[in-house]
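Chain and residue survey
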Amino acid sequence: MDEPVLIWGAGAIGGLLGAYWARAGVPVLMVDIVAEHAAACAGTGLCVEGPVDTFRQVVPCVTPDQVLGTFQRIVLAVKAHGTEAAMAQLLPHLAEDGYVLSAQNGLNEHVIARAAGAGRTMGAFVNFGADWLGPGRILFGNRGAVVVGEIDGTVRPRTQDMFELLQVFEPAAVLTEDIWAYLWGKLGYGAMLFATALTPDSMSANFADPSRGPALIGLGREVMRVAQAEGVTPKAFNGFEPAAFMPRATEAEARRSIADLAAFNATTAKSHSGIYRDLAVRKRRTEVDAQVGAVVEIAARHGIAVPLLTRLVALIHDIEDDRREMSEATFHALTEGWT
Ligand SMILES: NC(=O)C1=CN([C@@H]2O[C@H](COP(=O)(O)OP(=O)(O)OC[C@H]3O[C@@H](n4cnc5c(N)ncnc54)[C@H](OP(=O)(O)O)[C@@H]3O)[C@@H](O)[C@H]2O)C=CC1
Ligand SMILES: CC(C)(CO)C(=O)C(=O)O
């Protein structure tokens, strides 16, 4: 197809996809609200840095007010809490028979479907590691799972088309009939990542610290219980083994998955999560309400108690609002009074 893939949000995730597709000759247009970043990508080029790959690629990139026309394929890669606003901006540019693919963490497919219709929504799960370093500069810290699937589980020609595009970026990409299984798996792992951002330590240092294991395992268990209540059986990826956090799993199985996550994250050049970067580097609010808060709300609908997830949301807000600092003590406040 000659029509460009429109990437809405050209940061760590969207920018990397755009750079790889443009380098492979796939027509692409990126859109970002950071005007200096858009100018750098379209002008001197987007620099991909780090251990995975190093190259500079010119990628057409504009700000939202400069987008003209309609597009069949739109990849949405803004932070989860920016989804609704971005959907309002991009909707006039989405073709009647086009779709929006969520390349995000969380359950944004629901938000997209509400705005664009379920038939114009496609799901994805991304677990590679990347950081936006500044205008025109993105760190590709490590490869990770990339999965695509329709939200109703069907596989259509457009799903196959997007799968082939994603393979240009990640040859090991997966086409699934159960995208929700991966999205809920990432919510389980994601809750643990939010906990790692209660401290200034790297992700792997957090996972490797035995004193933090019980809280991390407890968070995984709470999310898996809610997933089960939703009728979802989460799938494994990159060291995260959902079965290890299910009610009948043993403590040893859970600890093994935590050790595997320590090992997976020990090799990345992206030492800290996007949550840590929002708090400590970008000094802005995190996706905690859209990700962990969303699970807390769903748990309440099922009558499931999720004390650790509830405390986690409050602690992240405490750091966002300067009521607490990132520290080991803040991490252990998660399990204070916990039996
Ligand atoms: N980075 C990673 O390694 C991973 C990230 N994810 C997920 O991917 C999603 C994207 O994250 P990431 O790429 O890291 O985030 P980034 O902040 O690096 O990139 C998002 C970009 O979109 C811009 N933006 C915000 N609102 C709009 C808008 N309305 N229209 C156009 N552009 C907009 C942002 O600008 P501004 O910064 O000014 O808001 C920013 O440049 C998140 O859900 C994240 O959790 C998933 C796996 C790994
Ligand atoms: C750590 C990572 C890249 C998943 O591996 C992530 O999703 C985040 O930064 O929030």
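Look up: the structure comes first, before these words.
Quick summary incoming for the structure in this document. (Residues numbered from 1 in each chain as written. Chains lettered and ligands numbered in written order. Predicted model: local features only at pLDDT ≥ 70, side-chain atom pairs only at ≥ 80, totals over all residues.)

This brings us to helix α8 (residues 213-229). Under the 1.5 Å per step criterion, the end-to-end length of α8 is 24 Å for 17 residues, consistent within 8% with the ideal 24 Å. Looking at α8, one finds that the buried residues are Ala-215, Leu-216, Ile-217, Gly-218, Leu-219, Gly-220, Glu-222, Val-223, Met-224, Val-226 and Ala-227. (Helix = DSSP H or I, 4+ residues; strand = E, 2+ residues; numbered from the N terminus. Expected span 1.5 Å × (residues − 1). Buried ≥ 20, exposed ≤ 12 C-beta atoms within 10 Å, placed from the backbone.)

Across the sheet, which stays open at both edges, the 4 strands sit in the order β4-β3-β10-β9 with mixed pairing between neighbours. Of all the strands in the sheet, the pair left with one neighbour each is β4 (55-57) and β9 (129-134). Across this sheet, the average inter-strand angle for adjacent strands is 25°, counted without regard to direction. Where strand β3 (residues 46-49) and β4 come together, 3 bridges link them in antiparallel fashion. Its bridge partner lying in β4, Cys-47 is registered against Arg-56. The strands touched by helix α1 (residues 12-23) are β3, β4, β9 and β10 (137-142); relative to β9, the strand with the most contacts, the crossing angle is about 95°. (Pairing = 2+ DSSP bridges. Axes fitted to C-alpha atoms, helices over the stretch in contact; angles between N-to-C directions. Contact = placed C-beta atoms within 7 Å.)

The next thing to look at is the pairing of strand β2 (residues 28-31). Regular strands place their side chains on alternate faces of the sheet. A two-sided burial pattern is seen for β2, the buried positions comprising Val-28 and Met-30 on one face and Leu-29 and Val-31 on the other. As a crossover connection, the stretch from strand β1 (residues 5-8) through α1 into β2 is right-handed. Sheet topology places β2 next to strand β5 (residues 61-62); 2 bridges connect them, and they run parallel. Residue pairing across strands places Val-31 opposite Val-62, the latter belonging to β5. (Right-handed = clockwise from strand over helix to strand, strands pointing away.)

From the geometry alone we can't say anything about function, so treat these as descriptive.
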